[in-house]
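The primary structure of each chain is shown beneath.
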Amino acid sequence: MAEMKAHTEYLTVTTDDRYEMVHLTPQLEEIVRRSEVDDGLCFVSPMHITAAIYVNDNEEGLIEDIGVWLEKLAPRWPGYKHHQTGEDNGDAHLKSLLLHHETTLPVTRGRLDLGRWQRIFYAEFDGQRAKKIIVKVLGIAKG
Amino acid sequence: MAEMKAHTEYLTVTTDDRYEMVHLTPQLEEIVRRSEVDDGLCFVSPMHITAAIYVNDNEEGLIEDIGVWLEKLAPRWPGYKHHQTGEDNGDAHLKSLLLHHETTLPVTRGRLDLGRWQRIFYAEFDGQRAKKIIVKVLGIAKG
Amino acid sequence: MAEMKAHTEYLTVTTDDRYEMVHLTPQLEEIVRRSEVDDGLCFVSPMHITAAIYVNDNEEGLIEDIGVWLEKLAPRWPGYKHHQTGEDNGDAHLKSLLLHHETTLPVTRGRLDLGRWQRIFYAEFDGQRAKKIIVKVLGIAKG
């Protein structure tokens, strides 16, 4: 009978810049390997509301394009109401919503089941301090 | 051996206003407790296409900012083709897509495994009538 | 005791047009039936980064509205940095991010547990060639 497994790890990321895209695929592959889950899902989410996880190409020009596009649709701007609390990161909350915060990935035969160009990124919009990411792998344990 | 559990509940929300953000975290915490799932995932989705679930800060100014931002990117407008069916809620469909409709949350040691400021909201864009939300908790049962 | 099951299928879609919305609900219902999962989650994702899965109404006018809206927020444009690699599909990557790439759906009593108007679509933004979609159903097996 199939046995179920859940495996959780927490990553900590501190970016040099306020805005930065961090490539996570190799670390996530390692976590899936350690989970010993053969078939299931891998959930990845920041534990913060000024960052997001997204799936796209690991191509430098495109990563720049994504940054410019996010800034156009959710610009840094002093006038957000949220700033009346003393914060200055209203745009980071909106950018997190625009990329939808968290991502789920498929796991098949013990590995992330990704297409040729699919890579996973942590998008930081209020960095330069330690931020946590939760990774939870849930599924059928290796035989 | 780890036993698997699935637990499903349906919430009904009727907002006073057409557009409204409803804070769901306490109700979701209760459902996770009742599920008796120790380790797994909690899936939350409206059963409608004019609403969404999102994760962000429970701060009044920010909630206003999110509403203004959604209206800017997916405005109420008489000219949508969808309105030729007699509907007037084209913008609500686009706002639902912009916030990506549904959300998945991690459950660890029998509780939502959230960061300090992460809160879950139901975003209503065509309210003033009963709308349903499905919550499904899937994972390893408490020992 | 509840037995866990995971069931994976891959769909191939080749659209006639570069931009096209493909209605997937009937095929997904079939996959959930074949999975013999009674209670759980159904994960659906393109294996490409120029497409997305979304949940919304199967209404022709609205589908047109969504296309116009995506083009407004993430326009086709020669100036993307990504195009320096020889590509011309920078907009397709941004449109995929805007619709958030992948979707998770609830499965209850062996069927997709959807609201009356919820339908699942594959949104192609760089078509006219074979593209793959992964569908993974995870949950408690039929008794």
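Computed from a predicted structure; not experimentally measured. Each chain has its residues counted from 1, running along the sequence as written. Starting at A for chains and at 1 for ligands, labels are handed out in the order in which the entities are written. This being a predicted model, a pLDDT of at least 70 is required before a residue's local features are given, and a value of 80 or more before pairs of side-chain atoms are given or counted; all residues contribute to the totals for chains, interfaces and linings. In computing side-chain properties, one takes all heavy atoms of the structure into account and sets aside hydrogens as well as water.

Asker: Describe the environment of C:L98, naming the residues involved and giving the relevant values.
Answerer: Relative to the helices and strands, C:L98 is located in helix α3 (residues 90–98). Sequence-wise, C:L98 and C:T15 are 83 residues apart; in three dimensions their C-alpha atoms are separated by 20 Å. Not counting the four nearest positions on each side in its chain, C:L98 is found in contact with A:W69, A:L98, B:L97, B:L98, C:L70 and C:L73. Secondary structure is summarised from DSSP: a helix means a run of H or I of at least four residues, a strand means a run of E of at least two, and numbering begins at the N terminus for each. Working rule for contacts: check all heavy atoms of both residues, and any pair within 4.5 Å makes them a contact.

Asker: Now, about the sheet that holds strand β7 (residues 119–124) of chain C: what can you tell me, with residues and values included?
Answerer: Residues and elements named next belong to chain C. Read from one edge of the open sheet, three strands run β2-β7-β4, paired in antiparallel fashion. Strands with a single pairing partner mark the edges of an open sheet, and in this sheet they are β2 (20–23) and β4 (51–56). Pairs of neighbouring strands in the sheet enclose a mean axial angle of 30 degrees, with direction left out of account. Strands pair, by our definition, only if DSSP identifies at least two bridges between them. Axis lines are fitted through C-alpha atoms, for helices just across the contact stretch, and the angle between N-to-C directions can take any value from 0 to 180 degrees.

Asker: Describe the interface of chain A and chain C, and please don't skip the residues or the numbers.
Answerer: On the side of chain C, 33 residues touch chain A, which itself brings 39 residues to the contact. Just to be clear on terms, a salt bridge is a Lys or Arg side-chain nitrogen sitting within 4 Å of an Asp or Glu carboxyl oxygen. Remark: the boundary between chain A and chain C carries two salt bridges. The residue C:K81 makes a salt bridge to A:E64 at a minimum N-O spacing of 2.8 Å. Every element with two or more residues in the side of chain A that touches chain C is listed here: β3 (37–46), β4 (51–56), α2 (60–73), β5 (103–108) and β8 (131–141) of chain A.

Asker: Describe in detail the confidence of the model for chain A, supporting the description with residues and values.
Answerer: In predicted models, pLDDT denotes the confidence assigned by the predictor to each residue on a 0 to 100 scale. On average, residues of chain A carry a pLDDT of 97, and 99% of them reach 70 or more. Of the two predicted TM-score estimates for the complex, the pTM is 0.98 and the ipTM is 0.97.

Asker: Quick one: what's the story with the pattern of salt bridges, residue by residue and with numbers?
Answerer: Residue and element names in this part refer to chain B. Counted by the stated rule, this structure contains 39 salt bridges over all chains. The partner of R34 in a salt bridge is E30, and the shortest N-O contact between them spans 3.8 Å. Placement of both R34 and E30 in helix α1 (residues 25–35) is noted, with a separation of four residues, approximately one turn of the helix. Note on classification: 1.4 Å probe, protein chains only; a residue is buried when its accessible area is under 20% of the maximum for its type, exposed when over 50%, partly exposed between these limits. You can call R34 partly exposed: its relative accessible area is 41%.

Asker: Can you explain the pairing of β3(A)? Please cite residues and give values.
Answerer: Residue and element names in this part refer to chain A. Extensive coverage of β3 is indicated by the burial of nine of its 10 residues. Across nine bridges, the pairing between β3 and β8 is antiparallel. Directly across from P46, in β8, lies its bridge partner I133. Where β3 meets β5, five bridges bridge the pair, whose relative direction is antiparallel. Residue G40 lies in a different strand from β5, and its bridge partner there is V107.

Asker: Please give an account of the relation of the copies chain B and chain A that cites residues and values.
Answerer: A rotation about an axis combined with a shift along that same axis relates the two copies of the chain. Each copy is superposed on the other by least squares, with the fit set by C-alpha atoms of residues at a pLDDT of at least 70 in both. When chain B is fitted to chain A, the residual RMSD is 0.0 Å, and the transformation amounts to a turn of 120 degrees plus an axial shift of 0.0 Å. Each copy turns onto its partner about a three-fold axis.

Asker: Which residues make up the pairing of strand β7 (residues 119–124) of chain A, and what values do they have?
Answerer: Residue and element names in this part refer to chain A. For β7, the tally of buried residues reaches five of six residues, placing the bulk of the element in the interior. Where strand β2 (residues 20–23) lies against β7, four bridges are found, and the strand directions are antiparallel. Opposite V22, over in β7, you have Y122 as the bridge partner. By the bridge criterion, six bridges tie β4 to β7 in an arrangement that is antiparallel. From the neighbouring strand, A51 faces β7, where its bridge partner is E124.

Asker: Now, about the packing of α2(A) against α3(C): what can you tell me, with residues and values included?
Answerer: The geometry of α2(A) relative to α3(C) is characterised by a closest axis approach of 10 Å and an angle of 55 degrees between their N-to-C directions. One finds that α2(A) runs oblique with respect to α3(C). Between α2(A) and α3(C) lies a crossing of right-handed hand. Here A:L62, A:I66 and A:W69 of α2(A) come into contact with α3(C), specifically with C:H93, C:L94, C:L97 and C:L98. The classification used treats Ala, Val, Leu, Ile, Met, Phe, Trp, Tyr, Cys and Pro as nonpolar, Asp, Glu, Lys and Arg as charged, and all other residues, Gly among them, as polar. Broken down by class, the residue content of the contact of α2(A) with α3(C) amounts to six nonpolar, one polar and no charged. Under this scheme an angle from 65 to 115 degrees is roughly perpendicular, one under 35 degrees roughly parallel, and one over 145 degrees roughly antiparallel; angles in between are oblique. Handedness of a crossing follows from how the near helix is turned relative to the far one, being left-handed for an anticlockwise turn of less than a right angle and right-handed for a clockwise one.

Asker: So what about the state of the cysteines? Which residues, and what values?
Answerer: We call a pair of cysteine sulfur atoms a disulfide when they lie within 2.5 Å. Under the criterion given, the structure shown has zero disulfides over all chains. Unpaired in this structure, B:C42 has its nearest cysteine sulfur neighbour in A:C42, at a distance of 18 Å.

Asker: Break down the nonpolar core for me, citing the residues and quoting the values.
Answerer: A:Y54, A:W69, A:L99, B:Y54, C:Y54, C:W69 and C:L99 are the most contacted members of the largest nonpolar core, which has 57 residues in total. Excluding residues that lie within four positions of it along the chain, A:L99 makes contacts with A:A52, A:I53, A:Y54, A:W69, A:L70, A:A123, A:F125, C:L97 and C:H100. In this structure, A:M4, B:M47, C:A2 and C:L41 belong to the second largest nonpolar core, which totals 26 residues. Joining through side-chain atoms within 4.5 Å is the link that ties buried Ala, Val, Leu, Ile, Met, Phe, Trp, Tyr and Cys residues into a set, and such a set is a nonpolar core.

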